[in-house]
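Given next are the chains, with one letter for each unit.
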Amino acid sequence: MTDTGSTLPRRQLGRYLREARTELDMSLERMADLTDLSSSGLQRLETGQPTRLKVRDLQAICEVLGLSEEIAAAMIGLLRQSAEPNWWHEYGNLIPATFDVYVGLETAAQKLTTYQPSLVPGLLQTADYAAALIQAGTPEESGAELRRRVELRMKRQTIVTRKRRPIVLEVLLHECALRSTVGDHRVMAAQLHYLAEIGKMLNVTIRVLPFGAGAPIGHPVGQYAILEFGDATDGRSVEPPVVYLENFTGCMYLEKPQDIRRYDRVHDCLRRASLDEASSRSLLRQVAKELQA
């Protein structure tokens, strides 16, 4: 890996490998002995710094860590990502489509700022709402697989509700997301009531962009998430912030400072056009009441 282009794939690779090694309670020195690699090189790898790591070296690391074939393939895919200024991740290309790179990034973030024009974000979905979405997207899956995927999504939400250092979550929802029925009216009413309640948490902010706000940016804005990773003791960012964009075939990770600033400005504009938190909760409850009528 070189020091050009996107640093995100190698940062994610290092994060996954460090977590796997820590779970085994294995030291860097021990892993170096087992893979015939230097402990200093492995440390650089785990901290997302440029290395001269080869695929065969990574395969040896994955074998020592006991990673499954699917996860090992994902690690190799991260290693092989082309050096582009921004990272485009196409589902199933280099990295298996079933391996969710974004979830690892989300777990590491200290703050997540997101705009959702049509759906409730995964971190705030009820189990029934999530099940309806997953079933609509993958109708061929068995009931057992559906339940497993819902359980994984619910487990993912613990980063919002945990007592120790929960993620700071700022969500802008377009009113369309409130009035687009997922599942049925019962599922939607429960989902909206849940949003009204969880929005009272100190680390969660939920605001609604009403239909009456029109188009504050002057053109359509798709869903996005801005992930921030906190500051070190010297005041510098632990990792650069990332903008995550997703569509049906893949996702884009933007890291250039000018792109981050642009989305910060977009979010500020949408936030100013949105209802405040109290009015947003009132609208959530009002729509839920209409669904239950």
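Since the structure is predicted, the reported quantities are computational estimates derived from the model, not experimental observations. (Residues numbered from 1 in each chain as written. Predicted model: local features only at pLDDT ≥ 70, side-chain atom pairs only at ≥ 80, totals over all residues. Heavy atoms only, no water.)

Undergrad: Lay out the environment of alanine 74 with the relevant residues and their values.
TA: By the element assignment, alanine 74 lies in helix α5 (residues 69-80). Placed 61 residues apart in sequence, alanine 74 and leucine 13 show a C-alpha to C-alpha distance of 8.8 Å. (Helix = DSSP H or I, 4+ residues; strand = E, 2+ residues; numbered from the N terminus.)

Undergrad: Account for the nonpolar core, with residues named and values stated.
TA: Judged by nonpolar contacts, the single largest core of 63 residues is most densely connected at Leu58, Ile61, Met75, Leu192 and Tyr253. Looking at this core element by element, the count peaks at 7 residues for helix α11 (residues 185-198). Judged by nonpolar contacts, the second largest core, of 13 residues, contains Leu172, Val243, Tyr263 and Leu270. (Core = buried A, V, L, I, M, F, W, Y, C linked by side-chain atoms within 4.5 Å. Buried < 20%, exposed > 50% of the residue type's maximum accessible area, 1.4 Å probe, protein only.)

Undergrad: Please provide a residue-by-residue account of the pairing of strand β6 (residues 242-246), values included.
TA: Among the 5 residues that make up β6, 4 are buried, leaving the element largely enclosed by the rest of the structure. Looking at chain direction, strand β5 (residues 224-228) and β6 are connected through 3 bridges and run antiparallel. Bridge pairing links alanine 225 to tyrosine 244 in β6. Sheet analysis places β6 next to strand β7 (residues 250-254), joined by 4 bridges and oriented antiparallel. Directly across from valine 243, in β7, lies its bridge partner leucine 254. With antiparallel pairing between neighbouring strands as the criterion, β6 and β7 make up a hairpin whose turn holds 3 residues. (Pairing = 2+ DSSP bridges.)

Undergrad: Pulling in residues and values, what's your account of the state of the cysteines?
TA: With the rule as written, the count across this model stands at 0 disulfides. Distance from the sulfur of cysteine 176, which forms no disulfide, to the nearest cysteine sulfur (cysteine 269) is 19 Å. (Disulfide = S-S within 2.5 Å.)

Undergrad: Which residues make up the packing of α11 against helix α13 (residues 277-292), and what values do they have?
TA: Running from N to C, α11 and α13 cross one another at 160 degrees; their axes reach a closest spacing of 8 Å. Here α13 runs roughly antiparallel to α11, going by the angle between their axes. Regarding α11 and α13, the two cross each other, and that crossing is left-handed. Mapping the contact onto sequence places His185, Met188, Ala189, Leu192, His193, Leu195, Ala196 and Glu197 in α11 and Arg281, Leu284, Arg285, Val287, Ala288, Leu291 and Gln292 in α13. Classifying every residue of the contact of α11 with α13 by side-chain character gives 9 nonpolar, 3 polar and 3 charged. (Axes fitted to C-alpha atoms, helices over the stretch in contact; angles between N-to-C directions. Parallel < 35°, antiparallel > 145°, perpendicular 65-115°, else oblique. Left-handed = near helix turned anticlockwise from the far one by under 90°. Contact = heavy atoms within 4.5 Å. Nonpolar A, V, L, I, M, F, W, Y, C, P; charged D, E, K, R; others polar.)

Any functional reading would require information beyond the geometric quantities listed.
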